[in-house]
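Here is how the chains run, residue by residue.
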Protein chains: 2
Amino acid sequence: MNKFVNIAIVGLGQVGIYLYNELKIKKKDIEIKTGKKIQIVAISARNKNKKRKFNIDKKIFYSNPLNIFKEKHVDILFECVGLSDGISKKVTENALKKKINVITPNKTLIAKHGDYLAKLAEKHNVNLEFEASVAGGIPIIKTIKDGLFTNKINKVYGILNGTTNYILTEMEKTGETFDNVLKKAQQLGYAEPGNPKLDLNGFDAFAKVRILSALSYNSLISKKKCIMEGIENIDVKDIKIANQLNLRIKLLGISEIINGKLFETVHPCLVGKNTYIGNVNGVMNAVITHGKPVGETILQGEGAGPGPTSSSLLSDLVSILRGGIKNPFGISSNKRKKAQVLNNNLYTNSLYLRFEVNDKSGVLSNITNRFAKFKISIKRIIQTPDKKNKKATIVIITHKTTEINARNCLSIFKKNKNILKFPTLIRLYN
Amino acid sequence: MNKFVNIAIVGLGQVGIYLYNELKIKKKDIEIKTGKKIQIVAISARNKNKKRKFNIDKKIFYSNPLNIFKEKHVDILFECVGLSDGISKKVTENALKKKINVITPNKTLIAKHGDYLAKLAEKHNVNLEFEASVAGGIPIIKTIKDGLFTNKINKVYGILNGTTNYILTEMEKTGETFDNVLKKAQQLGYAEPGNPKLDLNGFDAFAKVRILSALSYNSLISKKKCIMEGIENIDVKDIKIANQLNLRIKLLGISEIINGKLFETVHPCLVGKNTYIGNVNGVMNAVITHGKPVGETILQGEGAGPGPTSSSLLSDLVSILRGGIKNPFGISSNKRKKAQVLNNNLYTNSLYLRFEVNDKSGVLSNITNRFAKFKISIKRIIQTPDKKNKKATIVIITHKTTEINARNCLSIFKKNKNILKFPTLIRLYN
């Protein structure tokens, strides 16, 4: 790479505009550290005149990012639009084909098209870097690709979404409902004001799990449908009961090799209050890897917000400025194998089940008989009567059982008039 | 670098011999991941015929490692002898001058001669890598040099020595004395059987602090004398009292920029039992960095043993095999500045002080008057009488005071006949 490096930023939302400002501030520092002089030669967003946190140079503004390629020489492009397809994909594709290095925090783009884009980058001998796509400021991708690279990793999991972790933490702290806490999170900028759905339903964390799997096991990104549950149905009642049981609810993303097969999932988990993961609170993210011979490695840091994201974007920039072409997923794409995946039905956990029932004799035995029939043994039962309304809450903690067995066992409770709603199920972390 | 890469290992102790075996096992995997075919062409140790954990190829054995340079073409040399000077320095110097890349886990060599050796590596356009020198398998050096590189770091601290952390954890768990637990640690291979002094007195952790400082602040390695205390004087009595106060004793290595000046130290600290750092137990290491804009980043993992160390050594190998010459300390040596250092006397902490006294009237007021004179205010006093022996233990927790003030205040207690020994001092973590 030449001493003078031209940069384009496509997308000037929360992340893009912060990055734009950081690049201007740190220009001198980057030159000292890498010997390269960077210059922002093009920026692009939908609306030129929108009010932004930092002023932009309108002379280098493009409404259509594809025009940048026609008019400017660019060495490194930041894709900060954030779509899984559409203009995000188009800009990235175009750049790589034109031998422009691409840096992106876009997890949905990489989770969906990462294999294709990595091949494209390798074919055109440029870099495609995406450190900021997983766990914000935590350099987990470089850690797996570089620091732990020769280890045999068999598990990687953690708290991969700051928004949901903040909401769960606040619900426990304040006793407020999910809806109220969500509103607060939106006011504080932790959750998208328009559509927070992709955070809340686990989709965001799941995209990160897919990226972590591919990096950890040197495999292609799996396309298989998986168990993905968010926190939308977590009731403050469950948080309180968990509290009494010395447990805490966390949304975990989990990728694991079980009997030689890949298993990926995102769902709320009950974890011990005294465990490490049970104490990662607020907007913090944490990623835990198990590898041989290194053992367990934990990385924790701020998982969201423009500051941490920008830290990761700039680490990718420095990596490219230092020179050399790296394989986007650590090893060459033609060496990455398709992962054999585990049948979701075989996933095995202890379960927390909360039943809301009419307080009538026979209801409990109805439930326990059903469990016995499916050979699900019960570890603990807590029945709390609500005498005034002649109702009761029954919480059952089971021993381990498979997904399929649990599903079959519980199916009957959809149509029992004494069971007021289908039971709430939360898995215990193994 | 060519497709065929020749490797030499100098030093076949616990780490060297494990590495030798790992390289042989992972040869194929490394070729898949990097496209390079590695071959071990020379090994060296003092004793050719010593019984080792893995068999060695005696045909490539050298009693004098300096002869390797005369007879073999070597691309990458692992220095695993572990001395701060002597043959470790000589081999590293010779290799770099002959344009051979060097990888070492040797923290004392780097802490003492790192600046000189880095310059030498840069001058001869080769790599000098030392990921394994700090915190075993935790890729903290790459994290600071790459993942967090554009952040402004102002603090890095943590538990940097697995041996001492294991001993403190065991003393708390079993109530056994320091000497007994040390013996157990030696039997388990956590402490050096011959001379565990460098672990116990804080020297090992301190070398790591110096390396972390240089990397975090882009400065030269400081040579200044600092406050360095180990755990040799930690009494099981203090551990028990700490326990009652909901505190725990940890040996912390701390590097911090205070008012623009560098402050480095290693000493035992009282930390809250409910804090993160208070729950890093056994042989685990943890490193915490504070940076802008990334915020707090935590890395935790196994800090000792040949497995984790070898993981880091191989990560350096892969980094070199992937190509490119990197500055050993992230930025070019001529850009690294000498750090301004803080006067140790100005270091400020709350203190835990344990006095063993004759149970006579006036002794406590003697102590408290002295504290008042030096304006050290007292947060808490716990006096426990030992009636049978007419003695008492007085524990005082103070508000914050400087090192110099505390030292001047306490000096008088050396020659007080009712104070049976000079008080035990442990700093509280801020």
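Keep in mind that what you see is a predicted model, and the values were worked out from it rather than measured.

Draft legend 1. Quick look at the overall build of chain A. When helices and strands are counted, chain A shows 13 helices and 18 strands. For a compact globule of 430 residues, the expected C-alpha radius of gyration is about 22 Å, and chain A comes in at 24 Å, within 12% of that figure. In terms of overall dimensions, chain A has C-alpha extents of about 80 × 45 × 35 Å along its principal axes. Per-residue burial for chain A yields a buried fraction of 50% across its 430 residues. Once local pairs closer than 6 in sequence are excluded, the contacts in chain A between residues at least 24 apart make up 76%.

Draft legend 2. Looking closely at the sheet that holds strand β2 (residues 37–44) of chain A. Residue and element names in this part refer to chain A. In space, the 6 strands of this open sheet follow the order β3-β2-β1-β4-β5-β6, with parallel pairing throughout. Pairing within the sheet leaves two strands with one partner each, and these edge strands are β3 (61–62) and β6 (128–129). Note: strand β1 (residues 4–10) against strand β4 (residues 76–79), 4 bridges, orientation parallel. Among the inter-strand pairings, A8 is bridged to a residue of β4, identified as L77. Relative to β2, helix α1 (residues 14–34) is tilted by about 165 degrees, and along the sheet it contacts β1, β2 and β4.

Draft legend 3. Quick look at the packing of helix α6 (residues 162–174) of chain B against helix α7 (residues 178–187) of chain B. Residues and elements named next belong to chain B. At a closest axis distance of 9 Å, the pairing of α6 and α7 adopts a crossing angle of 125 degrees. The pairing of α6 with α7 is recorded here as oblique in orientation. Crossing angle aside, the handedness with which α6 passes α7 is right-handed. Residues T163, Y166, I167, E170 and M171 of α6 touch α7, and the partners they reach there are F178, V181, L182, K184 and A185. Among the residues making up the contact of α6 with α7, the classes are represented as 7 nonpolar, 1 polar and 2 charged.

Draft legend 4. Local environment of the sheet that holds strand β2 (residues 37–44) of chain B. Residues and elements named next belong to chain B. The 6 strands lie next to each other as β3-β2-β1-β4-β5-β6, forming an open sheet whose pairing is parallel. Each edge of the open sheet is held by one strand with a lone partner, namely β3 (61–62) and β6 (128–129). Contacts between helix α3 (residues 86–97) and the sheet are confined to β1 (4–10), β4 (76–79), β5 (101–103) and β6, with β4 contributing the most and set at about 170 degrees to the helix.

Draft legend 5. Expanded view of the nonpolar core. Ranked by internal contacts, the top residues of the largest apolar core, which has 246 residues, are I9(A), L19(A), L96(A), I9(B), L19(B) and L96(B). Beyond its immediate sequence surroundings of up to four residues, L96(B) is in contact with V102(B), L117(B), L120(B), A121(B), H124(B), V126(B) and L128(B).

Draft legend 6. Representation of the interface of chain A and chain B. The interface of chain A with chain B comprises 40 residues on the first partner and 40 residues on the second. Of all the secondary structure elements, the ones that give two or more residues to the side of chain A that touches chain B are α1, α5 (140–147), β12 (295–302) and α11 (306–321) of chain A. For the side of chain A that touches chain B, the residue count by class is 14 nonpolar, 16 polar and 10 charged. Across 5 bridges, β12(A) lies against strand β12 (residues 295–302) of chain B in antiparallel orientation. For L299(A), the partnering residue across the bridge sits in β12(B) and is L299(B).

Draft legend 7. The arrangement of the relation of the copies chain A and chain B in detail. For the pair chain A and chain B, the relating rotation is 180 degrees, the translation along its axis is 0.0 Å, and the fit reaches an RMSD of 0.0 Å. Taken together, these values place the two copies in the relation of a two-fold axis. Closest approach to the rotation axis within chain A is made by the C-alpha atom of L299(A), at a distance of 2.3 Å. When the interface residues of chain A are mapped onto chain B, 100% of them again fall at the interface, so both copies present the same face.

Draft legend 8. Examining the environment of K152(A) more closely. All names here are of chain A. Looking at the element boundaries, K152 is found in strand β7 (residues 152–159). Residues K152 and Y217 lie 65 residues apart in sequence; the distance between their C-alpha atoms is 7.8 Å. Look past the residues within four positions of K152 in its chain and what remains in contact with it is G291 and K292.

Draft legend 9. Representation of unusual backbone geometry. For the bond running from K292(A) to P293(A), omega is 5 degrees, close enough to zero to count as cis. By the secondary structure assignment, P293(A) is in the loop between β11 (284–292) and β12. At N246(A), a residue that is not glycine, the phi angle is positive and equals roughly 65 degrees. Residue N246(A) is classed as exposed on the basis of its 10 C-beta neighbours within 10 Å. Of note, K390(B) is a non-glycine position whose phi angle comes to about 55 degrees, a positive value.

Draft legend 10. Main features of the domain arrangement of chain A. All names here are of chain A. Split into domains, chain A comes out as domain 1 (4–104), domain 2 (140–302 + 332–342) and domain 3 (346–428). On a C-alpha basis, the centres of domain 2 and domain 3 stand 26 Å from each other. Elements with a minimum of two residues in the side of domain 2 that touches domain 3: α10 (236–244) and β10 (261–272). It is β10 that contributes the most residues to the side of domain 2 that touches domain 3, 6 residues altogether. Here the residues of the side of domain 2 that touches domain 3 are counted per class, giving 8 nonpolar, 3 polar and 2 charged.

Draft legend 11. Geometry of the environment of K379(B). Residue and element names in this part refer to chain B. With respect to the helices and strands, K379 occurs in strand β15 (residues 378–386). For K379, a count of 13 C-beta atoms within 10 Å puts it in the partly exposed group. On a C-alpha basis, the gap between K379 and S350 in space is 9.0 Å, while along the polypeptide they are 29 residues apart. Beyond its immediate chain neighbours, meaning those up to four positions away, K379 contacts S350, I397, T398 and H399.

Draft legend 12. Examining helix α13 (residues 403–411) of chain B more closely. Residue and element names in this part refer to chain B. A406, C409 and L410 are the residues of α13 that are buried. Along the axis of α13, the buried residues cluster in a sector spanning 90 degrees; they form a single face. Across α13 from its buried face, at more than 90 degrees, point the exposed residues R407 and S411. For α13, the secondary structure elements touched by its buried residues are β14 (351–358), α12 (363–373) and β17 (401–402).

Draft legend 13. Region of interest: the pairing of β15(B). By the bridge criterion, 8 bridges tie β15(B) to strand β16 (residues 391–398) of chain B in an arrangement that is antiparallel. Counted as the bridge partner of I381(B) is I396(B) from β16(B).

Draft legend 14. Looking closely at the packing of α1(A) against α11(A). Residue and element names in this part refer to chain A. The contact between α1 and α11 brings their axes to 10 Å, and the two run at 45 degrees. In terms of orientation, α1 lies oblique with respect to α11. The hand of the α1/α11 crossing is right-handed. For the pair formed by α1 and α11, the contact residues are Q14, V15, Y18, L19, E22, K33 and T34 on the first element and P306, T309, S310, L313, L314, V318 and L321 on the second.

Draft legend 15. Summary view of the environment of A207(B). Residue and element names in this part refer to chain B. Along the chain, the position of A207 falls in helix α9 (residues 203–217). Using a count of 26 C-beta atoms within 10 Å as the deciding quantity, one classes A207 as buried. For the pair A207 and I110, spaced 97 residues apart in sequence, the C-alpha separation works out to 8.0 Å.

Draft legend 16. Region of the structure containing the pairing of strand β9 (residues 247–258) of chain A. Residues and elements named next belong to chain A. Among the 12 residues of β9, 11 are classified as buried, and the element is accordingly described as predominantly covered. With 4 bridges connecting them, β7 and β9 associate as antiparallel partners. Across the sheet, Y157 pairs through a bridge with I254, a residue of β9. Taken together, the 12 bridges between β9 and β10 define a ladder with antiparallel strand orientation. Bridging from a neighbouring strand, K250 pairs with C269 of β10. In sequence, β9 turns back onto β10 through a hairpin of 2 residues, with N259 there showing a positive phi of about 50 degrees.

Draft legend 17. The arrangement of the confidence of the model for chain A in detail. On average, residues of chain A carry a pLDDT of 95, and 99% of them reach 70 or more. Both scores are given for the predicted complex: the pTM is 0.93, the ipTM 0.89.

Parameters and conventions
- Per-chain numbering applies: the sequence of each chain, read as written, is numbered from 1 onward.
- Working convention: letters from A go to chains and numbers from 1 go to ligands, in the order in which they are written.
- Totals for whole chains, interfaces and linings use all residues, but because this is a predicted model, local features are given only for residues with pLDDT of at least 70 and pairs of side-chain atoms are given and counted only at 80 or more.
- Only DSSP runs of H or I with at least four residues qualify as helices, and only runs of E with at least two residues qualify as strands; both kinds are numbered from the N terminus onward.
- Computation of the radius of gyration draws on C-alpha atoms alone. For the globule rule, the value is 2.2 Å times the number of residues to the power 0.38.
- The exposure label follows from counting other C-beta atoms within 10 Å of a residue's C-beta, where the C-beta atoms are placed from the backbone and the thresholds are 20 or more for buried and 12 or fewer for exposed, leaving partly exposed in between.
- Distance between backbone-placed C-beta atoms decides contact: two residues are in contact if it is within 7 Å.
- The pairing criterion for strands is at least two bridges between them, as found by DSSP.
- To get an axis, fit a line to the C-alpha atoms, keeping to the stretch in contact for a helix; angles then go from 0 to 180 degrees between the N-to-C directions.
- In these notes the angle categories are as follows: under 35 degrees is roughly parallel, over 145 is roughly antiparallel, 65 to 115 is roughly perpendicular, and the rest is oblique.
- Here a crossing is taken to be left-handed if its near helix is turned anticlockwise relative to the far helix by less than a right angle, and right-handed if that turn runs clockwise.
- Amino acids outside the nonpolar list (Ala, Val, Leu, Ile, Met, Phe, Trp, Tyr, Cys, Pro) and the charged list (Asp, Glu, Lys, Arg) are all regarded as polar, and Gly is one of them.
- Only buried residues count toward a nonpolar core: Ala, Val, Leu, Ile, Met, Phe, Trp, Tyr and Cys, linked into one set through C-beta atoms within 7 Å.
- Superposing copies: least-squares fit, C-alpha atoms only, residues required to have pLDDT of at least 70 in both.
- Marked domain ranges trace back to an automatic or database domain assignment.
- Relevant arc is that of directions from the helix axis to the C-beta atoms, nothing else.
- Residue-level confidence of the predictor is summarised by pLDDT, bounded by 0 at the bottom and 100 at the top.

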